[in-house]
Each structure stands twice: as C-alpha cells, then as structure tokens.
Amino acid sequence: MGHTVKDKQKLLNRVRRIRGQLDAIERALEEEQGCMDVLQQITSCRGAMNGLLAVVLEDHIRTHLVDAEVHEGEQEDAKEQLINVVHSYFK
C-alpha cells in the first residue's frame, strides 16, 4: 500500500497509541479493575481503531477510486478490494 508512505509517521503514531491503549486494558484486567473502567478503555481503543480504519480507508478510496488514473481492470479490482474490506469489518 504505497500511498500510505506519505502519512507513514502519522499512521505509526496512531498504531502506537492504540498499542498503549491495549496495554492499559491488559493492565486493568490484571489489576482486576472495575468493569466500567475496563469497558471504557475497550471503547476508547475501538474508537481509535475505527479512526485508523477511516483514515486508511479514505486514502484508499481517494487514491484508487476517485483520483486514480484508470488502467484496464485496476479500478474494478480496487472496488472489489474495498467491498471485501467493508464486509470483513462488519463480520
């Protein structure tokens, strides 16, 4: 996914924040914190994952579908890939 290179550092920073949130969830479970604390951390992590997905997905749409130089079959492949990603997200 070469088009993510331009925002590579921003994406990596997001992933590192998500990793930190996952670590916090693990610590909360190990420390037997209250379920509301754990649930809040889980929803925060899920929101961060959704945000990361939205950024990468938007860039994919713009790069491969909206602003793409159309080569034979390439745009159709990009559409199918996008549909597959959306389907797998909602499983």
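Residues numbered from 1 in each chain as written. Predicted model: local features only at pLDDT ≥ 70, side-chain atom pairs only at ≥ 80, totals over all residues. Heavy atoms only, no water.

Observations regarding the overall build of the protein
Right, so step 1: Tallying secondary structure elements over the protein gives three helices and zero strands in all.
Right, so step 2: Starting at the N terminus and ending at the C terminus, the protein contains elements arranged as α-α-α.
Right, so step 3: Looking at the protein as a whole, 18% of its 91 residues are labelled buried.
Right, so step 4: Residue pairs in contact within the protein that sit at least 24 positions apart in sequence constitute 50% of those at least 6 positions apart.
Right, so step 5: Summed over its atoms, the accessible surface of the protein is roughly 7100 Å², and 55% of this surface lies on carbon and sulfur atoms. (Helix = DSSP H or I, 4+ residues; strand = E, 2+ residues; numbered from the N terminus. Buried < 20%, exposed > 50% of the residue type's maximum accessible area, 1.4 Å probe, protein only. Contact = heavy atoms within 4.5 Å. Areas by Shrake-Rupley, 256 points an atom, 1.4 Å probe, with all protein chains shown as cover.)

Quick notes on the confidence of the model for the protein
Right, so step 1: Looking at the protein as a whole, its pLDDT mean stands at 85, while 85% of the residues score no less than 70.
Right, so step 2: The secondary structure element of the protein with the lowest average pLDDT is helix α3 (residues 74-89), at 79, and the one with the highest is helix α1 (residues 8-30), at 96. (pLDDT = per-residue confidence, 0-100.)

Quick word on the environment of Arg19
Right, so step 1: Take Arg19: it is sitting in helix α1.
Right, so step 2: Of the residues examined, Arg19 reaches a relative accessible area of 48% and is grouped as partly exposed.
Right, so step 3: Taking C-alpha positions, Arg19 is 8.8 Å from Cys45, a pair spaced 26 residues apart along the chain.

Side note on the pattern of salt bridges
A side chain with one charge can pair with a side chain of the opposite charge if their charged atoms come near.
Right, so step 1: Inspection of every chain in the model, using the stated rule, returns one salt bridge.
Right, so step 2: Residues Arg62 and Glu58 are paired through a salt bridge, measuring 3.0 Å at the closest nitrogen-oxygen approach. With Arg62 and Glu58 both in helix α2 (residues 35-66), this residue pair falls four residues apart, about one helical turn.
Right, so step 3: Of the residues examined, Glu58 reaches a relative accessible area of 40% and is grouped as partly exposed. (Salt bridge = Lys/Arg side-chain N within 4 Å of Asp/Glu carboxyl O.)

Structural notes on the environment of Gly20
Right, so step 1: Checked against the element boundaries, Gly20 lands in helix α1.
Right, so step 2: Sequence separation between Gly20 and Cys45 is 25 residues; the distance between their C-alpha atoms is 9.1 Å.

Topic: the nonpolar core
Right, so step 1: Counting residues in each nonpolar core, the largest one holds five residues, listed as Leu11, Ile18, Ile25, Cys45 and Leu52.
Right, so step 2: Of all the secondary structure elements, the ones that give two or more residues to this core are α1 and α2.
Right, so step 3: Top contributing element to this core by residue count: α1, with three residues. (Core = buried A, V, L, I, M, F, W, Y, C linked by side-chain atoms within 4.5 Å.)

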